[in-house]
Amino acid sequence: MSAEIGHALVVQHARDILARIERAARRSGRDPAQIRLVAATKGVAADKVQAALSAGVRVVGENRFQEAVGKMAAIGPRADLEWHFLGQVQRRKAKSIVGIFQLIHSLDSVELAQELNRRAEAVGIEQAVLVELNIGGEASKAGFSPEEVRPALRELDRMTHLSVRGLMTIPPPTTDTEQARPYFREVRERAQSYDEMGLTRVRMDELSMGMSNDFEVAVEEGATFVRVGTAIFGARDV
Ligand SMILES: *Cc1c(COP(=O)(O)O)cnc(C)c1O
């Protein structure tokens with residue numbers, strides 16, 4: 001038996017997560033409309049993604065370009081649906097993802113930004129991105145370390161076809177969700193301080209933080225996107 005779950009359960013889980021996001025928003029005095037659920041769909045087949053969409057999910061987050069393209073074709077164009085990229089961007093895939101995803105959550109180097117910017121200019125679009133912040137300073141994790149962010153943002157601000165919308169983070173693993181709270185809070189405070197740097201194009205409107213285990217704490221601390229996979233689709237095989 002695999003851990004795969006049926007469509008009805010996916011629908012039930014997705015509705016439950018949306019309701020929990022709404023409750024977390026209300027108890028922290030936030031407007032629930034400010035928070036969007038990104039269904040993290042790596043390894044999840046298109047029919048299961050469809051089930052989540054039928055439950056009200058409107059943003060799909062993928063980690064692998066090829067896998068995403070297959071599902072986009074299967075699901076077809078929908079004006080009410082956004083596709084986001086969550087995974088680490090391999091240099092050779094940088095070109096392919098520009099213009100395919102409404103938002104790339106995982107910008108983790110200035111070099112990658114330059115490549116995305118060049119490609120976006122070539123195809124005549126502006127690519128929206130979030131700057132991935134390695135808030136725990138973990139050697140194993142992608143993203144900018146807190147010390148690297150300010151100089152990086154100054155460079156990103158000059159890239160005319162890249163639109164920085166905010167920050168994304170994955171805090172260090174914790175045993176208790178409350179342990180994630182100070183990290184989320186620090187990310188929000190940092191976003192505020194970056195907002196006051198006087199940059200012209202970089203914006204800090206979006207905070208992508210919180211996953212299956214800690215999304216409610218992230219909402220309480222200011223998340224505008226939460227990225228939830230396991231709690232909707234069940235455990236992944238890989
Ligand atoms: C898979 C993934 C998620 C979702 O994680 P879950 O613990 O399954 O909710 C969130 N963010 C990123 C970047 C991911 O790759």
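1. Quick notes on the overall build of the protein chain
Each helix and strand counted, the protein chain has 9 helices and 8 strands in total. Taking 2.2 N^0.38 as the reference for a compact globule, 238 residues should give roughly 18 Å; the C-alpha atoms of the protein chain span a radius of gyration of 17 Å, in line with that estimate. Judged by the C-alpha coordinates and their principal axes, the protein chain covers about 50 × 40 × 35 Å. The buried share among the 238 residues of the protein chain stands at 52%.

2. Here's the deal with the pattern of salt bridges
What the rule picks out here adds up to 20 salt bridges. A salt bridge links Arg-20 to Asp-16; the shortest N-O distance between them is 3.7 Å. Of this pair, Arg-20 and Asp-16 are both found in helix H1 (residues 7-27), 4 residues apart, which corresponds to roughly one turn of the helix. Assessed through its relative accessible area of 35%, Asp-16 is described here as partly exposed. Here Glu-221 and Arg-185 are joined by a salt bridge, their closest N and O atoms 2.9 Å apart. Highlighted residues: Glu-221 in the loop between helix H8 (215-220) and strand S8 (225-228) and Arg-185 in helix H7 (residues 181-195), separated in sequence by 36 residues. Among the residues examined, Arg-185 registers a relative accessible area of 36% and is labelled partly exposed.

3. A few points about the pairing of strand S5 (residues 127-133)
For S5, a buried count of 7 out of 7 residues is recorded, marking the element as mostly surrounded by other parts of the structure. Of the two faces of S5, the one holding Gln-127, Val-129, Val-131 and Leu-133 and the one holding Ala-128, Leu-130 and Glu-132 are both buried throughout. Once the chain exits strand S4 (residues 103-107) it traverses helix H5 (residues 110-123) before rejoining the sheet at S5, and the crossover so formed is right-handed. For the crossover from S5 across helix H6 (residues 146-156) to strand S6 (residues 162-169), the handedness is right-handed.

4. Description of the confidence of the model for the protein chain
Scored by pLDDT, the protein chain comes out at a mean of 96, with 98% of its residues at no less than 70. Confidence, read as mean pLDDT per element, is least for helix H4 (residues 94-97) in the protein chain (94) and greatest for strand S7 (residues 206-208) (99).

5. Some thoughts on the nonpolar core
Grouped together as the largest cluster of nonpolar side chains are 71 residues, with contacts concentrated most on Leu-116, Leu-153, Leu-156, Leu-167 and Ile-232. With 7 residues, H1 is the largest single contributor of residues to this core. Here Leu-167 is in contact with Leu-130, Val-131, Leu-133, Val-187, Ala-191, Tyr-194, Met-204, Glu-206, Leu-207 and Ser-208, once residues within four sequence places are set aside. By size, the runner-up hydrophobic cluster in this structure holds 9 residues, among which are Leu-86, Ala-128, Leu-130 and Met-168.

Analysis parameters
Residues numbered from 1 in each chain as written. Predicted model: local features only at pLDDT ≥ 70, side-chain atom pairs only at ≥ 80, totals over all residues. Heavy atoms only, no water. Helix = DSSP H or I, 4+ residues; strand = E, 2+ residues; numbered from the N terminus. Rg over C-alpha atoms; globule rule 2.2 N^0.38 Å. Buried < 20%, exposed > 50% of the residue type's maximum accessible area, 1.4 Å probe, protein only. Salt bridge = Lys/Arg side-chain N within 4 Å of Asp/Glu carboxyl O. Right-handed = clockwise from strand over helix to strand, strands pointing away. pLDDT = per-residue confidence, 0-100. Core = buried A, V, L, I, M, F, W, Y, C linked by side-chain atoms within 4.5 Å. Contact = heavy atoms within 4.5 Å.

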